[in-house]
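Tertiary structure, described
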Amino acid sequence: PPPLPPPSDMLTSRGPALCTALRRAAPGGLASFHSSARRCRAARVAVVLSGCGVYDGTEIHEASAVLVHLSRGGAEVQMYAPDVPQMHVIDHSKGQPAEAESRNVLVESARIARGKIASLAKLTTADHDAVIFPGGFGAAKNLSTFAVDGKDCKVNREVERVLKDFHKAGKPIGLCCISPVLAAKVLSGAEVTVGHEEEEGGKWPYAGTAGAIKELGAKHCVKEVTISFPAHVDTKNKVVTTPAFMCETALHHIFDGIGAMVKNVLKLTGK
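Remember, it's a predicted structure, so these values are computed and weren't measured experimentally. (Residues numbered from 1 in each chain as written. Predicted model: local features only at pLDDT ≥ 70, side-chain atom pairs only at ≥ 80, totals over all residues. Heavy atoms only, no water.)

Take the nonpolar core next. If you look at the biggest cluster of nonpolar residues, it comprises 72 residues, and the most contacted ones within it are L70, L123, V131, F133, I258 and M261. With seven residues, the top contributor of residues to this core is helix α11 (residues 251-269). Not counting the four nearest positions on each side in its chain, F133 is found in contact with V48, L143, V159, V162, L163, G174, L175, C176, S179 and L182. (Core = buried A, V, L, I, M, F, W, Y, C linked by side-chain atoms within 4.5 Å. Buried < 20%, exposed > 50% of the residue type's maximum accessible area, 1.4 Å probe, protein only. Helix = DSSP H or I, 4+ residues; strand = E, 2+ residues; numbered from the N terminus. Contact = heavy atoms within 4.5 Å.)

Laid out in structure tokens, this is it:
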């Protein structure tokens with residue numbers, strides 16, 4: 001049989017009107033038409049960091065898990081952190097404060113972001129479809145004063161603005177580990193989880209946080225960290241939370257639980 005005509009000839013033979021319509025929709029050709037469609041489907045997600053290191057900043061494994069699952073979900077990511085001093089600096093080899101040191105939250109967070117990070121003051125809902133807060137003590141020390149003040153804590157002004165703006169815009173908010181306390185403080189009546197409400201022999205060493213969340217006026221929902229029940233979705237407020245390192249368990253369980261949180265955040269974006 002004779003060879004098929006080139007695709008462009010086949011398109012033209014189906015009618016000049018169809019060809020013209022496609023060219024108008026994609027002035028750069030069919031390749032640009034398809035690449036444009038892919039870009040439109042990608043969720044744009046902001047990730048807010050609080051430093052670098054579990055005891056005085058962002059928990060690095062949690063941040064990495066969030067980024068891996070966002071990448072797997074096809075999201076476009078921009079990282080942010082407040083441009084403020086850390087509450088203090090912890091020597092992670094000793095678990096003790098390094099009294100003579102001071103560090104900046106944005107500068108330290110840039111280590112995780114590989115330098116691609118912006119001040120939290122620049123984060124707007126118009127540029128993003130969702131926002132995610134990894135955990136680590138930085139959320140309770142640098143993004144808020146929860147580590148010191150508990151239920152009477154204050155939340156960083158920019159963090160509070162971001163949470164309220166995304167909530168008002170009906171855009172999803174993801175939080176893991178200790179960071180759900182931020183939503184509990186700022187978003188009245190939100191439903192969150194930090195895991196269990198009893199220590200259970202040390203398996204849930206920070207179980208007391210659940211009580212503080214209730215005192216803040218939020219609803220605490222008991223959840224597991226494993227893949228079976230790893231995240232809580234507050235559909236009314238579009239807040240998704242997972243316990244992560246609030247539980248003493250294997251790293252892959254933490255990773256899977258964060259994956260469930262990210263998956264639900266992306267689902268709520270509708271992208």
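Within helix α10 (residues 208-215), burial applies to T209, A210, A212 and I213. Looking straight down α10, one finds its buried side chains confined to an arc of 160°; they lie on one side. In α10, the exposed residues that point more than 90 degrees away from the buried face are G208 and E215. Looking at the buried side of α10, the elements it contacts are α7 (146-149), α9 (180-186), β8 (191-192) and β9 (219-220). (Arc of directions from axis to C-beta.)

With that out of the way, let us pick up the pattern of salt bridges. Under the defined criterion, the tally for this structure stands at eleven salt bridges. Between R103 and E101 there is a salt bridge, and its shortest N-O distance comes to 2.8 Å. Note on R103: relative accessible area 32%, which makes it partly exposed. You can call E101 partly exposed: its relative accessible area is 39%. The partner of K151 in a salt bridge is D152, and the shortest N-O contact between them spans 3.3 Å. Since its relative accessible area comes to 36%, K151 is described here as partly exposed. With relative accessibility at 52%, the residue D152 sits in the exposed group. It is possible to trace a salt-bridge network through shared partners that takes in E101, R103, E108 and R111. (Salt bridge = Lys/Arg side-chain N within 4 Å of Asp/Glu carboxyl O.)

Right, let's talk about the environment of I117 for a bit. One can find I117 in strand β5 (residues 117-119). The class for I117 is buried, based on a relative accessible area of 19%. Sequence separation between I117 and Y80 is 37 residues; the distance between their C-alpha atoms is 5.3 Å. In contact with I117, other than residues within four places in its own chain, are L49, Q78, M79, Y80, A81, L106, S109 and A110.

Bringing the pairing of strand β7 (residues 173-176) into the picture now. Residues of β7 alternate between two faces, with I173 and L175 on one and G174 and C176 on the opposite face, all of them buried. Here strand β6 (residues 130-133) pairs with β7 via three bridges, running parallel. Looking at β7, one finds that I132 is bridged to G174. (Pairing = 2+ DSSP bridges.)

What follows is about the layout of surface pockets. Its volume calculated, the largest pocket comes out at about 320 Å³. Lining the largest pocket we find 18 residues, and of these V54, F137, C177, Y206 and F245 sit closest to its centre. Classifying every residue of the lining of the largest pocket by side-chain character gives twelve nonpolar, three polar and three charged. (1 Å grid on protein atoms, 1.4 Å probe; cavity = no way out; pocket = protein on both sides within 12 Å on 5 of 7 lines; lining within 4 Å. Points joined across faces, edges and corners; volume = space filled by probe spheres on them. Nonpolar A, V, L, I, M, F, W, Y, C, P; charged D, E, K, R; others polar.)

A separate point is the packing of helix α4 (residues 60-72) against α11. At a closest axis distance of 9 Å, the pairing of α4 and α11 adopts a crossing angle of 45°. As judged from the angle between their axes, α4 and α11 are oblique. Where α4 crosses over α11, the two elements pack in a sense that is right-handed. For the pair α4 and α11, the contacting residues are H61, E62, A65, V66, V68, H69, L70 and R72 in the first and L251, F255, I258, G259, M261, V262 and L266 in the second. (Axes fitted to C-alpha atoms, helices over the stretch in contact; angles between N-to-C directions. Parallel < 35°, antiparallel > 145°, perpendicular 65-115°, else oblique. Left-handed = near helix turned anticlockwise from the far one by under 90°.)

The next subject is the sheet that holds β5. Where strands meet in a sheet, backbone hydrogen bonds hold them as pairs that are either parallel or antiparallel. In spatial order, the strands read β5-β2-β1-β6-β7-β11-β10; together these seven strands make up an open sheet with mixed pairing. This sheet does not close on itself; its edge strands, each paired only once, are β5 and β10 (232-234). Neighbour-to-neighbour, the strand axes of this sheet turn through a mean angle of 25°, independent of strand direction. Each of β2 (76-81) and β5 touches helix α5 (residues 105-112); the most contacted strand, β5, lies at about 160° to it. Packed on one face of the sheet, α11 meets β1 (44-48), β6, β7, β10 and β11 (239-242) and runs near 175° to β11.

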